[in-house]
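An overview of the molecular structure
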Amino acid sequence: MMEENVNEMRTDSLSYGSDYHYLPVTSLESGDVHEVAPDVAGYTVQIVNVCFIGKPNEADWVLIDAGMPGSAEAIIASAELRYGSQNKPKGIILTHGHFDHVGAIIELVRHWQVPVYAHSLEIPYLSGRQSYPEPDSSVDAGLVAKLSPLFPIRPIQLGEYIHPLPDDGSVPFLPDWKWLHTPGHTPGHISLFRSDDRVLIAGDAFVTVKQESLYKVFTQEIELNGPPKYLTTDWELAHQSVRKLEALKPSSVITGHGMPMKDDELASQLSRLADHFSEIAVPRQGKYIH
């Protein structure tokens, strides 16, 4: 842990790739908070969810992911409403480094001066060393898929703020939680799970909306799907990750995109996805299929 050093870190080392910009895509749920436990809530930022872990009005809380570019003010305002302006997060945990999960991270780190944690395989994308593979617009006819070549893929530079998650599966500042490596969508994608109440934060290992369709993104029609097709590069690993998460038998889930799901609906749809992943999740064509 390096939290004791965050006040000494230099924010002038933080930077975006040059292609980071605001994307005017949103959903009907943007700005809403959805609780799945008294201390776990998802907050929708345009078309993606961040998570707050920690009881309202208490000082010990952690932010999971960092939303879309241009969303820092909205995330800070929602956090202050939930926890008070005097209580900044202990840290930020990233499920992965795609633009819609790190869009506000630079501003949030500058504002809060807290450390950021991600899987070691995601660090190159968060420290300015490596760009993600290009999105594949051929995977689906949906408008979001067709727009995906416009999405930023260049790395951001978090400097001394970014740290690898502990190898033992523990989550900094969250002793009741474990992180699980769930690659496929990205090499270092992770999900978080609390065994006491079986709450799952899945990131984009699977989602509860057809993310390729602009209409369904806008309406947030609930249907459990695999990871967003246009940015998923290893479908075999993605299937293994869904199987791993289904085996946990989660009671509720917040995914990176879409509304929370729980209980029997979650169990039946996640089981179906794990058993029929090729038919449900894998696109019929695309440059990352093989």
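Source: prediction; values computed, not measured.

Counting its regular elements, the protein chain contains nine helices and 13 strands. Out of the 290 residues belonging to the protein chain, those deemed buried represent 58%. When the accessible area of the protein chain is evaluated, it comes to approximately 11900 Å², of which 50% is carbon and sulfur surface.

Turning our attention to helix α3 (residues 105-112). Among all positions of α3, only I105, I106, L108, V109 and W112 are buried. For α3, the angular spread of the buried residues around the axis is 165°, confining them to a single face. Where α3 is buried, its residues contact β4 (62-64), α1 (72-83), β5 (92-93), α2 (99-102) and β6 (116-118). Phi turns positive one or two residues past the end of α3, at Q113, with a value near 55°.

Pairing is mixed across the open sheet formed by six strands, whose spatial order is β8-β9-β10-β11-β12-β13. Two strands lie at the open edges of the sheet, namely β8 (170-171) and β13 (261-262), each paired on one side alone. Of the strand pairs in this sheet, strand β12 (residues 252-255) and β13 are connected by two bridges, and their pairing is antiparallel. Pairing of S252 across the sheet is with K262, part of β13.

This next bit is on the layout of surface pockets. Estimated volume of the largest pocket: approximately 240 Å³. Lining the largest pocket we find 15 residues, and of these D39, G54, D60, F173 and L174 sit closest to its centre. Top contributing element to the lining of the largest pocket by residue count: strand β9 (residues 174-181), with four residues.

Conventions we followed
- Residues numbered from 1 in each chain as written.
- Predicted model: local features only at pLDDT ≥ 70, side-chain atom pairs only at ≥ 80, totals over all residues.
- Heavy atoms only, no water.
- Helix = DSSP H or I, 4+ residues; strand = E, 2+ residues; numbered from the N terminus.
- Buried < 20%, exposed > 50% of the residue type's maximum accessible area, 1.4 Å probe, protein only.
- Areas by Shrake-Rupley, 256 points an atom, 1.4 Å probe, with all protein chains shown as cover.
- Arc of directions from axis to C-beta.
- Contact = heavy atoms within 4.5 Å.
- Pairing = 2+ DSSP bridges.
- 1 Å grid on protein atoms, 1.4 Å probe; cavity = no way out; pocket = protein on both sides within 12 Å on 5 of 7 lines; lining within 4 Å.
- Points joined across faces, edges and corners; volume = space filled by probe spheres on them.

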